[in-house]
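Next come the chains, spelled out residue by residue.
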Amino acid sequence: GVRSAPASALGSHTLKTDVCDELCAAEPACRFYAIETTYDSWEVAFPRCYLFDALTHEDIIPAAEMVDVLAFWATSAAKRGALCVVCTCADGTADCRDRDLQTVPAAAGADATTLDLSDNPRLTLVGPGAFDGLDGLEVLVLPSGVKHLAPEALESLPALRDVSLATGDGVTRNFVDASSTARFDDVCCRREASSRAGVYFCDLSPDEPGVVDAIYEETNADNIIAGLFDHMRTLDSITPDSPFLAEAVESKEKCVAYCEMKAECQSCMHFTPWVVGASLTNTCLLYGDEPPANHADNFVQREVGGAYMGLPPRTRAALGAVVAASPLVVELSEANGYSNTFEVSLGADPLRGAVWITPRLEGFGNMSLAFDPPTITLYDAQTVVTVAVTVRSDEVTRDLTPTVALDVEACDRAFVAQQATLQLDVLAAAVDDGGTRVSNAGAVVALVVVACVLVAAGLFYCLAAAVRFVRKKQQLEMARALQVRDQVAAAVEKIQEFQAIFATLPGDAFCALEKLVPHEALRKDLVVYDAIADVAAAKREGLVFVFLSHQWLAFASPDPANVHCTAMQSAVRAVAAAAGVPLASLRVWVDFISIPQRNRSEQRLSIASLPTFASSCDFFVIVAPAAKHADTGCLCNAETYRKRSWCRAEVMSCWARNGRGDMWLSSSDGLRPLDEATLREAIDVAGGDLTCCRLHHARGDPCDREALVLPLLGLYAEIFRHRHAPRGREAYEFLAPIKETLFPRTFSYTYHGADGGVESAEETLFGDLLRAVETAVELSEADASNPIWRRALPDLSPGSTAQRHSHHLRTTKGAAASTRHYLSAAMASASGGVDPTQEAARVAIAVDAE
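Just so it is clear, the model here is predicted, and its values are computed rather than measured. (Residues numbered from 1 in each chain as written. Predicted model: local features only at pLDDT ≥ 70, side-chain atom pairs only at ≥ 80, totals over all residues. Heavy atoms only, no water.)

Visitor: Let's hear about the nonpolar core: which residues, and what values?
Guide: Counting residues in each nonpolar core, the largest one holds 71 residues, and the members touching the most others are F502, F620, V651, W655 and L735. No other element matches helix α21 (residues 709–721), which puts 9 residues into this core. Within the second largest apolar cluster, 40 residues are counted, among which are C96, V104, A110 and A130. (Core = buried A, V, L, I, M, F, W, Y, C linked by side-chain atoms within 4.5 Å. Buried < 20%, exposed > 50% of the residue type's maximum accessible area, 1.4 Å probe, protein only. Helix = DSSP H or I, 4+ residues; strand = E, 2+ residues; numbered from the N terminus.)

Next up, the structure:
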């Protein structure tokens, strides 16, 4: 049930996976070993066997997140040591405290009713069979650092009645106790129905493709004839003959899934007739309102079929499936010592998993507010958790009314649909200063006199400093203005031309492929366009361009199981039919084929051109059938595709220039047009997920969000320039209410700090470039009499320059010494003291090693 990360292995052996257990047995320090199960032919990486002397929390990975490395633990009694030799056994108690254990010692005939393993921080994993031989064990004390406990380990203990451990330490495990702060390592885990000696293991309910967290209420379809639903807005009526979305009639689950995709849908009815005929057929009705409360009991005489009302997560949230706090206003004052409590609960039972809640103070960053407990885990609506909130009294100098947001992470999507908040009423202590004012009057007069003298003495200096400040400010504002001007010009330029070649494959050649192959293998078959004008000329000759966008299904290969290739070929054939052209007239762009895979410089240029490539195509197809990622084991589908920033950038680029008309989605449910709800989520490029952020930007590399600033800004400039034309007006009206979200001024940049932990800093992203673009367009449209020419231009801050964040790099004494060595060597080389080539190479190696 667990995997091991190979990064911290003490040794590894290529092509030795079949004898990995023997290699571990021969290595005295080996306590755990891991076996790779895959062979990467592209990278010529052979399977390996990894040996470990101990496992840290980071080494232990839930099985669902990594499928190519199997993990084992050495059960040898010789390696583990005998229980009563390693520990102290007396009066039925085996005392193993503070023994620096990596594994549980072997029972070896020990007769213990209590086993205390506390204070062993390196004991992070307890495997199957760890307690074999301790049939009479009643009490087990685990160290707080245990991350994985095999359920089978407890099944061999028939007398066990109590398992205790410290769970309030922030460690997520595959098991929890009954406390409100204990969390599994997956939010989709709910506690098993019954505990094992006070310990609960995970009952996992993972996401399923095409299934949403909905409830179904049986109703009578005759109520439609009776007029019970006449007051409800019918958004869509789907039948098997509908040109799109016809799959919705197949089941109530698919019907409510389509309702969830439509933002305004509040409920749906799935109807199955008893007798299928010309006038009666399976139907899915999408409604813009909630169903009447009596829809299930208002029966009429005739019955024509069975029906279910489906309520999607957003409707369940509106009906009470939310996180609730009580009271909504919490007073903190001198009378209660600036400490009070509020209660947190759920309005309904989650359909799946748990609800994780973290109270957070919004704004007021200088206020030290403490919550106890700091995190809450709820599994049902019956549990109520009391949270204590405290503020330091010396920080309260005036009355404040800050807001506390309850951040929610949940497997059941209903509970993340609404943000729960409460308000703090922080009252400053009353001050009776009548006597103080009299007694301190002389001191106040003296202070005023001294202040006047100081002000007079420093007046001349201040005036001189003010003049210097004004001049410096003017220089800085001019430099900022020039940088903003250059960034706006570069943004417009980036979307007007390709930054790399636009390589495509004819449609018939693409459909003949047995699998996706890299760019280099198809170079002789590719049709290359050097400029946007060349693409326009090809379109005039009847060629049709198709952009296929997808999420890779492995780290080193886009489609190892050939799932996407098959879906792509079906989509290409459908596009040819829709466009009325033969396959040979299609030009297909897909990343693995069209972008160089070996030349990294060419690859970076092509990736920077993705927005321009996508917006130059006639058809845009999202290929996202449900499939498992070969390396992580995670499900990849249309939902995970929409979370990726680069995928969102491609969607945004095509929509900004071409609209939604020829944008399609190919998923496990077939090929259908891209709906508005999906589009609204997909164009939030800055809010998407990026691999560089998951890896925390090694070496201070710029975030990929920064690389997307200028292309996205150029697309917005184009939309804003045409905001009065029909197509531009539609796009601008769509973007205008959410443009501050889509083009944020700043973002959170994560990096590894000096102590090796992950830290974050707020960095500039778009800055004021959005306003700068709008100002530039407005100036270009205004004639000489327009008042805009008489206004003072605003002082606008530039956006990100996508440069390395060197101030985030770890600085050590050794690194500084290497830098000094490098500089002194450079000076010596310049003066002829040493061979510059050899010395530069030697010092470069030293710096890299540092």
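Visitor: Got a sec to walk through the pattern of salt bridges? Specific residues and values, please.
Guide: Inspection of the entire model under this criterion finds 21 salt bridges. With its nearest N and O atoms 3.8 Å apart, the salt bridge here joins R97 to D116. Remark: D116 occurs in strand β9 (residues 114–116) and R97 occurs in the loop between β8 (93–95) and β9; sequence separation between them is 19 residues. Here D116 falls in the buried class, since its relative accessible area comes to 16%. When the shortest N-O distance is used, the salt bridge between R161 and E138 registers 3.4 Å. With a gap of 23 residues between them, R161 in the loop between α4 (151–155) and β13 (162–164) and E138 in the loop between β10 (125–126) and β11 (139–141) connect regions that are remote in the sequence. Under the relative-accessibility criterion, R161 is labelled exposed at 55%. Its relative accessible area of 30% is what places E138 among the partly exposed residues. (Salt bridge = Lys/Arg side-chain N within 4 Å of Asp/Glu carboxyl O.)

Visitor: An account of empty space enclosed by the protein is needed here, citing residue identities and associated values.
Guide: Counted according to the given criterion, the structure contains 2 cavities of 30 Å³ or more. Contributing to the lining of the largest cavity are V685, A686, R705, L708, V709, L712, L742, L765 and F766. Partitioning the lining of the largest cavity into residue classes produces 8 nonpolar, no polar and 1 charged. Within this model, the second largest cavity holds a volume of roughly 40 Å³. Q551, L553, H564, V623, A624, P625, C636, N637 and Y641 are the residues that line the second largest cavity. (1 Å grid on protein atoms, 1.4 Å probe; cavity = no way out; pocket = protein on both sides within 12 Å on 5 of 7 lines; lining within 4 Å. Points joined across faces, edges and corners; volume = space filled by probe spheres on them. Nonpolar A, V, L, I, M, F, W, Y, C, P; charged D, E, K, R; others polar.)

Visitor: Tell me about the sheet that holds strand β28 (residues 385–391), and name the residues and values.
Guide: Strand order in this open sheet of 4 strands is β22-β24-β28-β26, and the pairing throughout is antiparallel. The outermost strands of the open sheet, each flanked by one partner alone, are β22 (323–326) and β26 (369–372). Neighbour to neighbour, the strand axes of the sheet diverge by 30° on average, direction disregarded. In the sheet, β26 pairs with β28 via 4 bridges, with the strands oriented antiparallel. Pairing of D372 across the sheet is with A388, part of β28. (Pairing = 2+ DSSP bridges. Axes fitted to C-alpha atoms, helices over the stretch in contact; angles between N-to-C directions.)

Visitor: Report on the sheet that holds β13, specifying residues and quantitative values.
Guide: In spatial order, the strands read β7-β8-β9-β11-β13; together these 5 strands make up an open sheet with mixed pairing. Unpaired on one side and paired on the other, β7 (88–90) and β13 mark the two borders of the sheet. When strand polarity is set aside, the average angle formed by the axes of neighbouring strands in this sheet is 10°. Across 3 bridges, the pairing between β8 and β9 is parallel. In the strand pairing of β9, D95 is matched with D116.

Visitor: How would you explain the side chain of T750 if you had to name every residue and give the values?
Guide: Mapped onto the secondary structure, T750 falls in strand β40 (residues 746–752). A distance of 3.2 Å separates polar atoms of two side chains, one belonging to T750 and the other to H696. Setting aside residues no more than four positions away along its own chain, T750 makes contact with C693, H696, H697, V758, E759 and S760. (Polar contact = N/O pair within 3.5 Å; in protein donor to acceptor, adjacent residues only side chain to side chain. Contact = heavy atoms within 4.5 Å.)

Visitor: Hey, could you go over the packing of α21 against helix α24 (residues 769–781) for me, with residue numbers and the actual values?
Guide: α24 packs onto α21 with a crossing angle of 35° between their chain directions and a minimal axis gap of 10 Å. Considering only the axes of α21 and α24, their crossing is right-handed. Packed against α21, whose contacting residues are V709, L713, Y716, A717, F720 and R721, the element α24 presents L769, L770, V773, E774, V777, E778 and E781 at the interface. Here the residues of the contact of α21 with α24 are counted per class, giving 9 nonpolar, no polar and 4 charged. (Left-handed = near helix turned anticlockwise from the far one by under 90°.)

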